[in-house]
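# Coordinates in review
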Amino acid sequence: MEEATPPDAPKPVEEALQSQLAIFRALIEHSSDVIIISDENGIERYVSPSIKNVLGYEPEEMLLRSQYLLHHPDDRDRVRDIFFGLVKSRSKTPISFTWRFLHKDGTWRWIEATATNQLDNPLIQGIILNFRDVTERKELQARIEHDTKRFRAIMDAIQDQIQIFDTNGKMLFANKIPDFMEHPEKVNERDELLWWIHEEDRQRVITEFTKLVTGEASAVLTEYRIVNPNGPDCYLETFASNQIENEAIGGILANVRDITQRKEFEEALRLAKEKAEADALEIERSNLEIRLKNRELKKLNEEKNELLQIVSHDLKNPLYNLQHEARAILTSPETARLHTQRVLQCADTMLSLINNFLSIHAIESGRILEHAEPLNLQDLLQRVLASYRETLRNKAITVTTDLPHQPVRVLADVNSLTQILDNLISNAIKYSPGGGQVSVGMTVSTGAVAVRVQDQGVGVPLDEVERLFQKFTKLSTKPTAGESSNGLGLAIARKLVKRLQGDIWYEHHPGKGATFVVELPTLTDSQP
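Residues numbered from 1 in each chain as written. Predicted model: local features only at pLDDT ≥ 70, side-chain atom pairs only at ≥ 80, totals over all residues. Heavy atoms only, no water.

Let's shift gears to the overall build of the chain. When you go through the chain residue by residue, the secondary structure sums to 13 helices and 17 strands. The burial tally for the chain puts 36% of its 528 residues in the buried class. Put simply, of all contacts in the chain between residues at least 6 apart along the chain, 54% involve residues at least 24 apart. Surface summary for the chain: the accessible area is close to 32,600 Å², and the carbon and sulfur share equals 53%. (Helix = DSSP H or I, 4+ residues; strand = E, 2+ residues; numbered from the N terminus. Buried < 20%, exposed > 50% of the residue type's maximum accessible area, 1.4 Å probe, protein only. Contact = heavy atoms within 4.5 Å. Areas by Shrake-Rupley, 256 points an atom, 1.4 Å probe, with all protein chains shown as cover.)

Quick look at the structure:
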């Protein structure tokens, strides 16, 4: 900094000024705070030597340049707005603010600065920044805030009530409002000590409280009743300790727990003991059997109702369509061929539904007839795809396949395996949009083969995946062309796959449709 003395100053006055300026310079250069003088464009014209101790830079490294890029990216715009706002305002009122500054060692340091506009001062002609490193204070504040939030979270989460009382019985703190009080906010307005405690227990509790206050007891555990204006009296258990000398608490600390249910249980247990243990055990066994039977009957009844609902809904629409097409044949013989095709489609829909019902019933009752034989999985898969050639053409859906060149053999019942593959292919077609694509792949690993079928539909919401393979499942995702779905196909497929010692699952790929995978054991070359 350059010193300036008034012209023609008398010698003693000039010497006094020079002495004061020397003292002022010494104060600045040896201050722990950093003094910076910037011009109105933010270019540093003076940097005090203390910058070395605070931020690790030599003063010369900071001069005649802007420090904008040394500010934290999240703080730069804010600091710039504050600085140029002060320049523009020409206000002489100091302003304070904080931001993060890059230390020469590569760490970010919190800086607290006081800025004063001295642009109009001919001796300074700049913005004076007086700042210091407050990183430790910021970190301490952050830890305090974190600990405070954690304390509040703990207080809110625990079921017990934590209360602090002064020596006169006034409540100083409670982590939650006691729900047994008619007007909890007025708990301290009554003069009567511990007024909410039942009158038959109050004096005993006051005596124990007094022992805590006088130091006769350091801690007490007590039970008592409280008056509940909204119902039966409640029982509380309180563990209280003398924390008067503890600066953080400064009173009687009480941990209050509602033990009403425990008291009710103890009374019920006392009454139950009057009965013979043998009778109690027999009653419990009978109740358990009844609950299990009721649960089983409830499940069967729910399945029956759901079955009736599906049958009435899924068969009613095709029957209406049959009736409509039959009338059309009678009234419009010239279009009989078209209507006959629609009649067959309706009949196929109803037959598919009935076959699904019969299949699931046969599987669950163990009456399914299976004949395991070596099968060429590629050939069987191609036959299933060929059966949907017309459906694929109607929806303009293309099928891509990625199958091994070498035959893959599995030991399975041809009808069961056909039904499994048919369910996966038909679902992929149902839920693919018109003009979409269905991908069918096959991956062979040691002793197993995985068939993967992927569509380009919207996929299955994650919260519905666990219900995919349950009977009568109705998902939010709907077929793209109004095709029927009775919620049995995947349930049947899973049961059949399990009978073939295989597995089936759904893979979730957001934005890439639905992917179902069937894994089956393969036959080795040595097996017939």
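Once you've had a look at it, read on.
Read from one edge to the other, the open sheet built from 5 strands follows the order 7-6-10-9-8, with strand pairing classed as antiparallel. In this open sheet, the two strands that pair with only one neighbour each are strand 7 (171–174) and strand 8 (219–226). Sheet twist, expressed as the mean angle between neighbouring strand axes with direction ignored, is 25 degrees. Pairing of strand 6 (residues 161–165) with strand 7 involves 3 bridges; the strand directions are antiparallel. Residue pairing in the sheet places Gln163 in a bridge with Ala174 of strand 7. Sitting on the sheet, helix 7 (residues 260–272) touches strand 8, strand 9 (234–243) and strand 10 (251–258), and the angle it makes with strand 9 is about 125 degrees. (Pairing = 2+ DSSP bridges. Axes fitted to C-alpha atoms, helices over the stretch in contact; angles between N-to-C directions.)

In total, this model carries 1 cavity of 30 Å³ or more according to the counting rule given. Computed from the structure, the largest cavity encloses a volume of approximately 200 Å³. Lining the largest cavity we find 17 residues, and of these Val205, Phe209, Tyr224, Thr238 and Ala240 sit closest to its centre. Counting residues per element, the ones that place at least two in the lining of the largest cavity are strand 6, helix 6 (199–214), strand 8, strand 9 and strand 10. Tallied by class, the residues present in the lining of the largest cavity amount to 13 nonpolar, 3 polar and 1 charged. (1 Å grid on protein atoms, 1.4 Å probe; cavity = no way out; pocket = protein on both sides within 12 Å on 5 of 7 lines; lining within 4 Å. Points joined across faces, edges and corners; volume = space filled by probe spheres on them. Nonpolar A, V, L, I, M, F, W, Y, C, P; charged D, E, K, R; others polar.)

Moving on, we come to the sheet that holds strand 4 (residues 108–118). Strands sit in the order 2-1-5-4-3 across an open sheet of 5 strands; the sheet is antiparallel. Each edge of the open sheet is held by one strand with a lone partner, namely strand 2 (44–47) and strand 3 (95–102). Sheet twist, expressed as the mean angle between neighbouring strand axes with direction ignored, is 30 degrees. In this sheet, strand 4 lies alongside strand 3 in antiparallel orientation, the contact comprising 8 bridges. When the bridges of strand 4 are listed, Leu102 appears paired with Trp108. Of the strands in this sheet, strand 1 (34–38), strand 3, strand 4 and strand 5 (126–133) touch helix 4 (residues 76–89), which is tilted by about 140 degrees from strand 3. Running over the sheet, helix 5 (residues 135–157) touches strand 3, strand 4 and strand 5 and is turned about 120 degrees from strand 4.

Take the packing of aromatic side chains next. If you walk through the whole model with that rule in mind, you get 9 aromatic pairs. Ring geometry for Phe151 against Phe173: centres 6.4 Å apart, planes inclined by 35 degrees, an arrangement best described as tilted. With Phe151 in helix 5 and Phe173 in strand 7, this residue pair connects regions lying 22 residues apart in the sequence. Taking relative accessible area as the criterion, Phe173 reaches 21% and is therefore assigned partly exposed. Relative to Phe516, the ring of Tyr506 lies with its centre 5.3 Å away and its plane at 55 degrees, an arrangement referred to as tilted. Placement of Tyr506 in strand 16 (residues 503–508) and of Phe516 in strand 17 (residues 514–521) is noted, with a sequence separation of 10 residues between them. Judged by its relative accessible area of 12%, Tyr506 is buried. One aromatic cluster is present, built from ring pairs that chain together Phe165, Trp195, Trp196 and Phe209. Arg76 extends its terminal NZ or CZ atom over the ring of Tyr68, reaching a point 6.0 Å from the ring centre. Residue placement shows Lys138 over the ring face of Trp110; its charged tip is 4.5 Å from the ring centre. (Phe/Tyr/Trp six-rings, centres within 6.5 Å; stacked < 30°, edge-to-face > 60°. Lys NZ or Arg CZ within 6 Å of the ring centre and 35° of its normal.)

On to the packing of helix 10 (residues 377–386) against helix 12 (residues 414–430). Axis separation between helix 10 and helix 12 bottoms out at 10 Å; the angle between their running directions is 55 degrees. By the angle class used here, helix 10 and helix 12 are oblique. You can see that helix 10 and helix 12 cross each other, and the crossing is right-handed. Listed contacts from helix 12 to Leu377, Leu380, Leu381, Val384 and Leu385 of helix 10 are Val414, Leu417, Thr418, Leu421, Asp422 and Ile425. Across the contact of helix 10 with helix 12, the residue classes tally to 9 nonpolar, 1 polar and 1 charged. (Parallel < 35°, antiparallel > 145°, perpendicular 65-115°, else oblique. Left-handed = near helix turned anticlockwise from the far one by under 90°.)

Looking now at the confidence of the model for the chain. A residue-level look at the chain finds 82% of positions with pLDDT of 70 or above and a mean pLDDT of 83. Summarising per-element confidence for the chain, the mean pLDDT is lowest in helix 1 (residues 11–30) (61) and highest in strand 3 (95). (pLDDT = per-residue confidence, 0-100.)

Pairing is possible between side chains that carry opposite charge, provided their charged atoms lie close to one another. Evaluation of the coordinates by the stated rule reveals 31 salt bridges. Notably, a salt bridge pairs Asp105 with Arg109, separated by 3.4 Å at the nearest N-O pair. You can call Asp105 partly exposed: its relative accessible area is 47%. On the accessibility criterion, Arg109 (22% relative accessible area) is partly exposed. (Salt bridge = Lys/Arg side-chain N within 4 Å of Asp/Glu carboxyl O.)

In terms of nonpolar packing, the biggest core is built from 43 residues, with Leu377 and Leu417 touching the most fellow members. For this core, the secondary structure elements donating two or more residues are helix 10, strand 13 (409–413), helix 12, strand 14 (437–445), strand 15 (448–454), helix 13 (489–499), strand 16 and strand 17. Sort the elements by how many residues they give to this core and helix 12 lands first, with 7 residues. What Leu377 contacts, discounting residues up to four positions off in sequence, is Val408, Val410, Leu417, Leu421, Met442, Val449 and Val451. In terms of nonpolar packing, the next biggest core, distinct from the first, is built from 23 residues, Val34, Val47, Tyr57 and Ile111 among them. (Core = buried A, V, L, I, M, F, W, Y, C linked by side-chain atoms within 4.5 Å.)

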